[in-house]
Amino acid sequence: DIMFFNQLSGLHFNEHFPAPPAIYHDGSVLVLKPFRVELECRLEVLHFPFDKQKCDFEVGSWAHFMKEIDIVPNLDADGNMKAADLSFFKNSSIFTLDAFSVTNYTYADPEFGTLLFSGLRYNVQFHRRTAYFVINL
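Just so you know, these numbers come straight off a predicted model, no measurement behind them.

Undergrad: In this structure, what is going on with the nonpolar core? I would like to understand it.
TA: As a rule of thumb, soluble globular proteins bury nonpolar side chains together. Membership of the largest hydrophobic core is limited to 10 residues, which are F4, F57, V59, I71, A83, V102, L120, Y122, V124 and F126. Elements that contribute at least two residues to this core include exactly β6 (52–61) and β10 (116–128). At four residues, β10 tops the list of elements feeding residues into this core. What I71 contacts, discounting residues up to four positions off in sequence, is I2, G60, S61, N104, S118, G119 and L120.

Here it is in structure tokens:
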């Protein structure tokens, strides 16, 4: 039941990609299955075409408490939180990725008293490549 809280449509998994979960001795589970999701992100275009964008999205469980599922980000070799593997990422012809980070957090639902939920908050920052717009406008 891990989900994106600001998703517009369901997850679209690649059904032809075999991805058995890896279960480790400490109880952690790793599933590496590619998927596509559409997320809502409000664009700030006041300074178009020189605009910079910032988009936050959150991943968490809506049915399991933190004591049942503790969602944590990957760590790099130095023990720092790693948002994602961007080795295959390619910038688009319109936008350039400036930053991509992740933080973990806990949140409470007043309906459940003191029980906590676990989640990850991702932050993506990018800017528009202006050359095309400046030359053609």
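Undergrad: Which parts of the structure should I look at to understand the pattern of salt bridges?
TA: Pairing is possible between side chains that carry opposite charge, provided their charged atoms lie close to one another. For the structure on display, the rule yields two salt bridges. One salt bridge in this structure joins D51 and R128, with 2.7 Å as the shortest N-O distance. Separated by 77 residues along the polypeptide, D51 in the loop between β5 (35–36) and β6 and R128 in strand β10 bring together distant segments of the chain. In terms of burial, D51 and R128 fall into one category: buried.

Undergrad: Quick question: what am I supposed to make of the state of the cysteines here?
TA: Such a bond, covalent and formed between the sulfur atoms of two cysteines, is termed a disulfide. All told, the structure shown has one disulfide when counted by the stated rule. The disulfide bridge from C41 ends at C55, spanning 2.3 Å between sulfur atoms. In this pair, C41 is assigned in the loop between β5 and β6 and C55 in strand β6, connecting sequence segments 14 residues apart. Looking at C41, the relative accessible area reads 27%, which means it is partly exposed. Judged by relative accessible area, C55 falls into the buried class, the value being 9%.

Calculation criteria
Residues numbered from 1 in each chain as written. Predicted model: local features only at pLDDT ≥ 70, side-chain atom pairs only at ≥ 80, totals over all residues. Heavy atoms only, no water. Core = buried A, V, L, I, M, F, W, Y, C linked by side-chain atoms within 4.5 Å. Buried < 20%, exposed > 50% of the residue type's maximum accessible area, 1.4 Å probe, protein only. Helix = DSSP H or I, 4+ residues; strand = E, 2+ residues; numbered from the N terminus. Contact = heavy atoms within 4.5 Å. Salt bridge = Lys/Arg side-chain N within 4 Å of Asp/Glu carboxyl O. Disulfide = S-S within 2.5 Å.

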